[in-house]
Amino acid sequence: MKILPLPVVALMAAALATAAPAFAQAPTIQVNRENRTIAITATDKVIVMADTATVHIGFIAYGPDSDAAYATGSRISNAIVKSLTAAGVPSDAIQSENQNVSPVQEYQIDKLTPAEKAQRKFQVVQTWTVRTPADDAAKILDLAVKAGANQSGQIDWSLKDENTPQAEAAGRALQRARTVAGEMAKGLNVKLGALLYANNETQAQPPRPLMQAMAKSSTMAAPEPLAINPRQIEKSATVYAVFAIE
């Protein structure tokens with residue numbers, strides 16, 4: 001139970017849709033008989049289903065020399081992008097991440113046969129991200145892999161509107177703070193007054209899944225897309241609120 005005086009600074013309305021200063025910057029207070037408050041810190045959350053997916057796709061191709069590796073990489077690269085755009089993916093939704101041509105290090109192929117080593121002297125690596133509606137993530141991954149994207153699989157889930165669930169979490173946290181403050185006021189035989197000050201702090205999001213390589217087998221019949229479901233996204237807020245008591 002924590003009883004604090006009214007802040008000396010001007011009274012502030014609860015505007016939780018906008019990020020506020022950290023708790024360490026809360027107003028300085030002084031205790032006396034006239035200025036009485038209850039200060040509460042409360043946390044709440046909102047869980048919503050992701051509506052947007054960022055699919056990471058890429059490939060690695062080899063060749064006996066730089067020119068041969070580049071030619072193979074160029075063919076695969078253009079096949080992947082053509083497959084996506086032909087399926088209706090906007091070109092501005094496909095963004096390059098990385099691309100390079102480099103010699104293959106000996107430790108990378110030390111377990112291969114001499115003939116296999118001779119065909120893997122150079123490598124081409126290229127990656128992209130494709131932003132798409134969450135329900136189309138499996139389709140995008142399937143198209144890319146079947147076109148040659150053998151280093152693909154990571155998906156980042158997100159929301160088109162990040163602000164609405166964040167504001168809802170802050171509102172729930174404030175309501176929780178008000179409820180707790182009301183119970184404290186009852187225990188003190190006083191009446192809970194107006195909200196005088198409030199701020200909120202956004203909490204860190206859960207870690208995203210790691211990227212996984214997906215090898216394409218030329219001996220298999222074209223499979224169906226993987227069964228991929230969007231992730232739930234948690235938005236939480238911690239609110240520091242100061243209420244007057246009467």
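Everything discussed here concerns the structure shown above.
Residues numbered from 1 in each chain as written. Predicted model: local features only at pLDDT ≥ 70, side-chain atom pairs only at ≥ 80, totals over all residues. Heavy atoms only, no water.

### Notes on the pairing of strand β5 (residues 122–133)
Burial analysis of β5 places nine of its twelve residues in the buried class, which makes it a mostly covered element. The pairing of strand β3 (residues 52–63) with β5 spans twelve bridges and is antiparallel. The residue of β5 that forms the bridge with Val55 is Val130. Bridge count for strand β4 (residues 94–103) against β5 is nine bridges, and the pairing is antiparallel. For Gln95, the partnering residue across the bridge sits in β5 and is Thr129. (Buried < 20%, exposed > 50% of the residue type's maximum accessible area, 1.4 Å probe, protein only. Helix = DSSP H or I, 4+ residues; strand = E, 2+ residues; numbered from the N terminus. Pairing = 2+ DSSP bridges.)

### Examining helix α4 (residues 163–187)
Between the first and last C-alpha of α4 there are 36 Å, a value that for 25 residues agrees with the 36 Å anticipated at 1.5 Å per step. Looking at α4, one finds that the buried residues are Pro165, Gln166, Ala169, Ala170, Ala173, Leu174, Ala177, Ala181, Gly182, Met184 and Ala185. Of the residues flanking the end of α4, it is Asn189, one or two places downstream, whose phi is positive at about 60 degrees. (Expected span 1.5 Å × (residues − 1).)

### Focus: unusual backbone geometry
In the Ramachandran plot, Asn189 falls in the positive-phi region, its phi being about 60 degrees despite a non-glycine side chain. Within the secondary structure, Asn189 is located in the loop between α4 and β7 (192–202).

### A few points about helix α3 (residues 137–146)
Along an α-helix, residues three or four positions apart point the same way, because every turn accommodates 3.6 residues. In terms of burial, α3 is a largely internal element, seven of the ten residues being buried. Listing the buried residues of α3 in full gives Ala137, Ala138, Ile140, Leu141, Asp142, Ala144 and Val145. In this structure, the buried side of α3 is in contact with β3, α1 (66–86), β5 and β6 (155–158). Gly148 sits one or two residues past α3 and shows a positive phi near 120 degrees. (Contact = heavy atoms within 4.5 Å.)

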